[in-house]
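# Secondary and tertiary structure notes
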Amino acid sequence: MPQKNRLILKNLDNKDYNNTLSCYLEEGGYETLKKALSLKEKTTQDGKKLSPQQQLRDEVKASGLRGRGGAGFSTGLKWSFVNRASGKPIYLVCNCDESEPGTFKDRQIVHKDPHQLIEGMIISCFANDVHLAYIYIRGEFNEGAKILNRALDEARSRNLLGKNILDSGYDLEIYIHRGAGAYICGEETGALSSLEGYRPQPRLKPPYFPAALGLYMCPTIVNNVETLCAVKHVIEIGASQYAKLGIPSDPGTRIVGVSGQVRNPGYFEVEIGKITLGQIINDLAGGPRSGRQIKAIIPGGSSSKVLRADEKVTLKTKNPDGTFSEKVVDVFDLPYDSDSIAAAGSMSGSGGIVVIDDSTSMVEVAANVSEFYVHESCGQCTPCREGTRWMSKILKRILAGNGRRADVDELARISQNIMNGRSLCAFGEAASWPIESYVLKFRDEFLALCAAAEDSRKEIWGEAGINRFA
Amino acid sequence: MHETDSMVMEFSVPNTLESEIDELITHYPEKRSVTLMALHALQAHFGFVSDAGIEWIAQKLDQTPLAVLELVTFYPMFSREPLGKFHFRICRTLSCALNGSEKIYWALCEQLGLDKNVHKRQTTPDGRFTVEFVECLACCNKGPVLFLNEDFHENMTEESVSKLLTICNGDNSSERKGTGK
Ligand code: FES
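For every chain, the first residue of its written sequence is number 1, and the numbers climb from 1 along that sequence. Naming scheme: in the order in which they are written, chains are lettered from A and ligands are numbered from 1. Only residues with pLDDT of at least 70 get local features here, since the model is predicted, and only at 80 or more are side-chain atom pairs given and counted; chain-wide, interface and lining totals rely on the full set of residues. Hydrogens and water are ignored here; the side-chain numbers use all heavy atoms of the structure.

### A word on the overall build of chain A
Threshold: Here a strand is any run of E in DSSP of at least two residues, a helix any run of H or I of at least four, and the numbering for each starts at the N terminus. Within these notes, the globule rule equals 2.2 Å times the number of residues to the 0.38 power, and the radius of gyration is based on C-alpha atoms. Partly exposed describes any residue whose relative accessible area lies between the buried limit of under 20% and the exposed limit of over 50%, with all areas from a 1.4 Å probe on protein chains only and scaled to the type maximum. The criterion used for residue contact is that any of the two residues' heavy atoms lie within 4.5 Å.
A tally of helices and strands in chain A yields 18 helices and 15 strands. In terms of overall size, chain A behaves like a compact globule, its C-alpha atoms giving a radius of gyration of 24 Å where 470 residues would be expected to give roughly 23 Å. Based on the C-alpha atoms only, the size of chain A along its principal axes is roughly 85 × 45 × 45 Å. Considering chain A as a whole, with its 470 residues, one finds that 59% of them fall into the buried category. By sequence separation, contacts in chain A at least 24 residues apart represent 68% of the contacts at least 6 residues apart.

Listed below in structure tokens is the structure:
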């Protein structure tokens, strides 16, 4: 069974397992850190010297690991961008702001296996010559912050953190920084602004790439909780072993969360690309509720574009001889990996799958999602700040029975004017992709509501009724 | 800032709280970074962020009060007014909504005499209850979810939320339960 492929979730739901250090140590915890700290300098065949840090970074790069926060960028590559010649300190920030609607994986790790995250962090910090790191945790994870603080204290008491860690000569401190309810802090530069004590407004890239001008204008690495845990497993089993899991372009395992209208919502660690969307939804999450049919799937957090349950997707696969062949598959037969979901025009993003059944109106879904982005826009860019509000207003008006036929295209038009790089950070896309996709893919639902309302007004007021709202 | 001098004078930060903030100052290369955590600490202690609290943090961290205030007004978790003894935060976002979070919210508002069409923070006239809709709490598999003060409740139904309310109504102690850091 695919769900048995547990690396990160290996222990955390076992009956006898809890989140203390002693439990983690019993399961072989911090052995990978010891291994990493005891690496010796290596000389390659061509006489190049490789420091232990360089070896670890090479290993992560060779594994092909992609970030699990949402963007899916290569972790090794991200690390390689760090400016190591600036003479400034290098910081690492663990992004534990988990706020993408539909996503609840990092919470499991923090609550049930915090030491796994800490071990992954220490290894990653060591590999990148980081001596001060932060866990940026969303404010609502009050319990999680307590658990992490206790775990950090435990780690300090065993010299797994602090000065001269395990007599290796390496120093590292990790502190918790709590957010306070703002989604934009999940955007990496937003998190950095927040850490510096400013409003968490994202910064323009270029020039503010964290790898060069990050926290306090120093080179900074921002990695998601699950990514840092995956690093630990890469180092533990080795890049080549790790890369055998999943598919070449998206190796390893990842934790997907299924929520919404399914029988058994939950989180499952799966081998990437070796399981289909349908297997995740139907076999792991129990499928639709009785008497219901699945109508739509949001495949990777609320920012991802919706997929219709009856959609067909053309997948391109590379043949051994280098040629490509195409095959058309049902949405439910799409392998769950970044490339396949991208081929369907969406993204696997944060791994948060939201299932919508035929009892739900897509207009209501759109209004709900749109209200989220109104609330969370940081307010810096006009298209994003104003556009999200316009869309939300129109959607609410349609729901209130005051729609116009023209509203349907108007929603799509506004979406277009927010996305495509018109905003300073990716929030603009995150806010407009979903709404546009609902309107395009479920046009008839929107139109039906609008047409009925418009016609009933026309009956009373004639043509003037089109724009005359109750 | 609106408070009179005498009110500012009455404001006092206990030693334990101040040393907590002194400890936080050691966590960052720059004092300004402490602002957010200091606001959490003060809100947890006083229940809200007052003008005096803002002044105090600003002084402590060598910031202008405005630099502190602009964070308070940005982040949804801070409150400028005292909150009810029982503070309900109900998740409004998609997965919870698909499972009926609106009904939970409406039930609460109706039973407390609050306007169910308002999504922002509302407090009952007697100051005992505060209710608000908040965004995804990252527990979407257990929706609808809510916070009652600092305690998390999952898989809520109209019945279970009414039960919670009954427990609150029967609680006549004066201290606010479940606060803390
Ligand atoms: S949608 Fe309610 S917790 Fe995520």
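### So, unusual backbone geometry
Cis peptide bonds are those with omega within 30 degrees of zero, and the linkage from Pro206 of chain A to Pro207 of chain A qualifies with 10 degrees. That bond from Gly143 of chain B to Pro144 of chain B is cis: its omega, -5 degrees, falls within 30 degrees of zero. Among the secondary structure elements, Pro144 of chain B is positioned in the loop between strand E3 (129-134) and strand E4 (146-148). The phi angle at Ala138 of chain B is positive, at roughly 60 degrees, despite the residue not being glycine. Take Ala138 of chain B: it is sitting in the loop between E3 and E4. Owing to a relative accessible area of 0%, Ala138 of chain B belongs among the buried residues under this scheme.

### Here's the deal with the pattern of salt bridges
Residues and elements named next belong to chain A. Operational definition: Take a side-chain nitrogen of Lys or Arg and a carboxyl oxygen of Asp or Glu: if they are within 4 Å of each other, that pair is a salt bridge.
In the structure shown here, the tally under the stated rule is 43 salt bridges over all chains. One salt bridge connects Arg405 with Asp455, and the closest N-O pair in it is separated by 3.0 Å. Here Arg405, found in helix H16 (residues 405-418), pairs with Asp455, found in helix H18 (residues 443-461); they are 50 residues apart in sequence, far enough to count as distant. Judged by its relative accessible area of 33%, Arg405 falls in the partly exposed class. For Lys458, the salt bridge identified is with Glu454, shortest N-O distance 3.9 Å. With Lys458 and Glu454 both in helix H18 and four residues apart, the pair spans about one turn of that helix. Lys458 sits in the partly exposed class, given a relative accessible area of 26%. If you follow the salt bridges from partner to partner, you end up with Arg68, Lys105, Asp106, Glu226 and Asp250 in one network.

### Some points on the pairing of strand E3 (residues 90-96) of chain A
Residues and elements named next belong to chain A. To be explicit about the condition: Between any two strands, at least two bridges found by DSSP are needed for them to pair.
Burial runs high along E3: seven of the seven residues are buried. Burial along E3 is two-sided: Ile90, Leu92, Cys94 and Cys96 facing one way and Tyr91, Val93 and Asn95 facing the other are all buried. Across seven bridges, E3 lies against strand E4 (residues 130-137) in parallel orientation. Bridge pairing in E4 places Cys96 opposite Ile137. Note that E3 and strand E6 (residues 220-224) share five bridges and pair parallel. Within the sheet, the bridge partner assigned to Val93 lies in E6 and is Val222.

### Some words on the confidence of the model for chain B
Residues and elements named next belong to chain B. Rules: Per-residue confidence from the predictor is given as pLDDT, running between 0 and 100.
Scored by pLDDT, chain B comes out at a mean of 91, with 91% of its residues at no less than 70. Confidence, expressed as mean pLDDT per element, reaches its minimum in chain B at helix H1 (residues 5-10) with 54 and its maximum at helix H5 (residues 65-74) with 98. Interface confidence for the predicted complex, expressed as ipTM, amounts to 0.94; the pTM equals 0.95.

### Some thoughts on the packing of aromatic side chains
Here is the rule we go by: By convention, a stacked pair of Phe, Tyr or Trp rings (six-membered ring in the case of Trp) has centres within 6.5 Å and planes under 30 degrees apart, an edge-to-face pair has planes over 60 apart, and any other such pair is tilted. Consider the ring centre and the ring normal. A charge sits over the ring if Lys NZ or Arg CZ is within 6 Å of that centre and within 35 degrees of that normal.
Taken as a whole and judged by the stated rule, the model has 17 aromatic pairs over all chains. Summarising the aromatic geometry, the rings of Tyr134 of chain A and Tyr28 of chain B are spaced 5.2 Å apart at their centres and angled 10 degrees between planes, so their arrangement reads as stacked. Of this pair, Tyr134 of chain A sits in strand E4 while Tyr28 of chain B is found in the loop between helix H2 (15-25) and helix H3 (35-46), placing the two residues in two different chains. For the pair shown, Tyr134 of chain A and Tyr28 of chain B are each scored as buried. On the basis of an interplanar angle of 85 degrees and a centroid distance of 6.2 Å, the ring pair of Tyr75 of chain B and Phe78 of chain B is categorised as edge-to-face. Taking the relative accessible area as the measure of exposure, Tyr75 of chain B reaches 1% and is therefore buried. For Phe78 of chain B, a relative accessible area of 5% translates into the label buried. Here a set of aromatic residues connected by ring pairs shows up, and it is made of Tyr183, Phe372, Tyr373 and Phe427 of chain A. For the cation-ring pair, Arg107 of chain A lies above Phe152 of chain B, with the distance from its terminal atom to the ring centre recorded as 4.5 Å.

### Things to note about the interface of chain B and chain A
Here is the rule we go by: Joining two parts hides part of their accessible area as seen by a 1.4 Å probe, and the buried area is that hidden amount summed over both. Here a polar contact is taken to be a pair of N or O atoms separated by no more than 3.5 Å, where protein atoms must pair a possible hydrogen donor with a possible acceptor and residues adjacent in sequence count only if both atoms sit in side chains. Charged means Asp, Glu, Lys or Arg here, nonpolar means Ala, Val, Leu, Ile, Met, Phe, Trp, Tyr, Cys or Pro, and polar covers whatever is left, Gly included.
Opposite the 38 residues of chain B that make contact, chain A presents 57 residues. Regarding the contact of chain B and chain A, the summed buried area is about 3900 Å², with carbon and sulfur atoms giving 57% of it. At the boundary of chain B with chain A, the tally comes to one salt bridge. Across the pair Glu371 of chain A and Arg92 of chain B runs a salt bridge whose closest N-O atoms are separated by 3.4 Å. Inspection of the chain B/chain A interface yields 22 residue pairs in polar contact (both at pLDDT 80 or more). The biggest single contributor to the side of chain B that touches chain A is H5 of chain B, with four residues. For the side of chain B that touches chain A, the per-class residue count stands at 20 nonpolar, 10 polar and eight charged.

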